[in-house]
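# Inside the fold
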Amino acid sequence: MKTVTGGFLYTLADLVDERCALRSFCDTDRICQMPAARWAQGNDAQRAEYVFLLNQLLGAHLRRCGLVYNRDFRREYFPRQDETEKVFREDWFNIRTGRPGRPRTVAKYYEYGLLRFWRHLAVNLSFRPIGSSWFLQVVPKYFFTTDGETPCDPDLVGPYTTGIKAVEHNHHVLNHVLFWTDIISQQKPVIRLSLFYKTATVIEKEPTLGIANFAIPNDPAVYDDEPETEPSLFPMPAPAEDEGESDEY
């Protein structure tokens, strides 16, 4: 996790530690430590470098969680795990309700007419400053592949994703976010990003709540848990049912 700016090497690694591989590229007499808060609250250039390092750290962590990143579509997704099974599910714990959530289908094979493809649960993750604090933004997504790895033509799968979005509501999206935070935390109380076995960043799992100064007219604003629905992936009779999980492709 490093970046070079203005002839200086910046890294989240501990350059003071003689076991650090990056020490051989540095003038060890000029090594100094900079508080993360100074970077995080600095000017735009410093904040950009800070986010760059955090993204590197997060990417390494997500690989350890078993996720795969697609650069073209800018999302992490659950891969196809072997050559025999056609459905893969993950257990998770809902920190909001304090009990296990319904197991989620994270990758599934479909045959529909002449079409053959995989649908994967996916997510876009990014660090965002709000006021003086930093947050990890979790945006649930989908990812479609022909073989578990090669992306499908977006024009082909677009209508299927639209069909799912049409039947999902706010509580479905909230449960997606809670599911992803549990996966990223590896079922631990917090999301802990480590570098060389040392904790570099700790992120709370439960989303931060706030009150908006606007609302949808006549919105009942139901906040209690509601049962998961299982809408079809397809606009016409489908070969199987799925959870109520939606977002743009």
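Residues numbered from 1 in each chain as written. Predicted model: local features only at pLDDT ≥ 70, side-chain atom pairs only at ≥ 80, totals over all residues. Heavy atoms only, no water.

## Topic: the pairing of strand S11 (residues 190-195)
How we decide: Strand pairing is defined by DSSP finding a minimum of two bridges between the two strands. For helices the rule is a DSSP run of H or I covering at least 4 residues; for strands it is a run of E covering at least 2, with both sets numbered from the N terminus onward.
Judged from the 6 bridges that link them, S11 and strand S12 (residues 198-204) form a sheet pairing that is antiparallel. Of the residues in S12, the one forming a bridge with Val 190 is Glu 204. A loop of 2 residues connects S11 with S12, the two strands running antiparallel in sequence, and Phe 196 in this loop sits at a positive phi of about 55°.

## Concerning the nonpolar core
Going by this rule: Here the nonpolar core consists of buried residues drawn from Ala, Val, Leu, Ile, Met, Phe, Trp, Tyr and Cys, with membership extended through side-chain atoms lying within 4.5 Å. Accessibility here uses a 1.4 Å probe with only protein chains present; expressed as a share of the type maximum, an area under 20% marks a residue as buried, one over 50% as exposed, and anything in between as partly exposed. A contact between two residues is defined here by any heavy atoms of the two lying within 4.5 Å.
Counting 40 residues, the largest nonpolar core has Phe 78, Leu 125, Phe 179 and Trp 180 as its most contacted members. Secondary-structure elements contributing two or more residues to this core are helix H1 (36-40), helix H2 (44-64), strand S8 (104-112), strand S9 (115-130), strand S10 (133-145), helix H3 (154-165), helix H4 (170-184) and S11. For Trp 180, the contacting residues outside a window of four places in its chain are Leu 67, Phe 78, Leu 121, Ala 122, Val 123 and Val 138.

## Considerations on the pattern of salt bridges
Using the following cut-off: Definition used for salt bridges: Asp or Glu carboxyl oxygen within 4 Å of a side-chain nitrogen of Lys or Arg.
For the coordinates displayed, the defined rule picks out 4 salt bridges. Residues Arg 80 and Glu 83 are paired through a salt bridge, measuring 3.4 Å at the closest nitrogen-oxygen approach. Overall, the relative accessible area of 66% leaves Glu 83 in the exposed class. Of the charged contacts in the structure, one is a salt bridge between Asp 182 and Lys 205, with a shortest N-O distance of 2.7 Å. With a gap of 23 residues between them, Asp 182 in helix H4 and Lys 205 in the segment after S12 connect regions that are remote in the sequence. On the accessibility criterion, Asp 182 (1% relative accessible area) is buried. On the basis of relative accessible area, Lys 205 is assigned to the buried category, the value being 5%.

## Side note on the pairing of S8
Of the strand pairs in this sheet, strand S5 (residues 87-90) and S8 are connected by 4 bridges, and their pairing is antiparallel. Each bridged residue has a counterpart across the sheet, and for Val 87 the counterpart in S8 is Lys 108. Sheet topology note: the S8/S9 ladder contains 6 bridges and is antiparallel. Bridged to Lys 108 within S9 is Arg 119. Linkage of S8 to S9, two consecutive antiparallel strands, is achieved through a turn of 2 residues, within which Gly 113 is found at a positive phi near 65°.

## Description of H2
For clarity, the threshold we go by: Here the expected length of a helix is defined as 1.5 Å per residue gap, with one fewer gap than residues. Definition of a polar contact: a pair of N or O atoms within 3.5 Å, with one able to donate and the other able to accept a hydrogen when the atoms are protein atoms, and with sequence-neighbouring residues admitted only if both atoms are side-chain atoms.
Between its first and last C-alpha, H2 extends 30 Å over 21 residues, near the 30 Å set by a 1.5 Å rise per residue. Where H2 begins, the capping side chain belongs to Asn 43, and its oxygen is found 3.1 Å from the backbone nitrogen of Ala 45. Downstream of H2 by one or two residues, Gly 66 has phi in the positive range, about 90°.

## Concerning H4
When the terminal C-alpha atoms of H4 are compared, their 21 Å separation across 15 residues agrees well with the 21 Å that a helix rising 1.5 Å per residue should span. Of all 15 residues in H4, 12 are buried; the element is thus mostly enclosed. Looking at H4, one finds that the buried residues are His 171, His 172, Asn 175, His 176, Val 177, Leu 178, Phe 179, Trp 180, Thr 181, Asp 182, Ile 183 and Ile 184. Phi turns positive, to about 60°, at Gln 186, one or two residues after H4.

## Points about the packing of aromatic side chains
What counts here: Between 30 and 60 degrees the pair is tilted, below 30 it is stacked and above 60 it is edge-to-face, where a pair is any two Phe, Tyr or Trp rings, Trp via its six-membered ring, whose centres lie within 6.5 Å.
Taken as a whole, this structure holds 14 aromatic pairs when the rule is applied. Taking the centre distance of 4.5 Å and the plane angle of 40° together, the rings of Tyr 77 and Phe 143 count as tilted. In this pair, Tyr 77 sits in strand S4 (residues 75-77) while Phe 143 sits in strand S10, placing the two residues 66 residues apart along the sequence. The pair Tyr 77 / Phe 143 is uniform in exposure class, with both members buried. Between Tyr 112 and Tyr 160, the aromatic rings sit 6.2 Å apart at their centres with planes inclined by 85°, giving edge-to-face as the arrangement. Here Tyr 112, found in strand S8, pairs with Tyr 160, found in helix H3; they are 48 residues apart in sequence, far enough to count as distant. The exposure class of Tyr 160 is buried, given its relative accessible area of 7%.

Worth remembering: the numbers are spatial, not functional.
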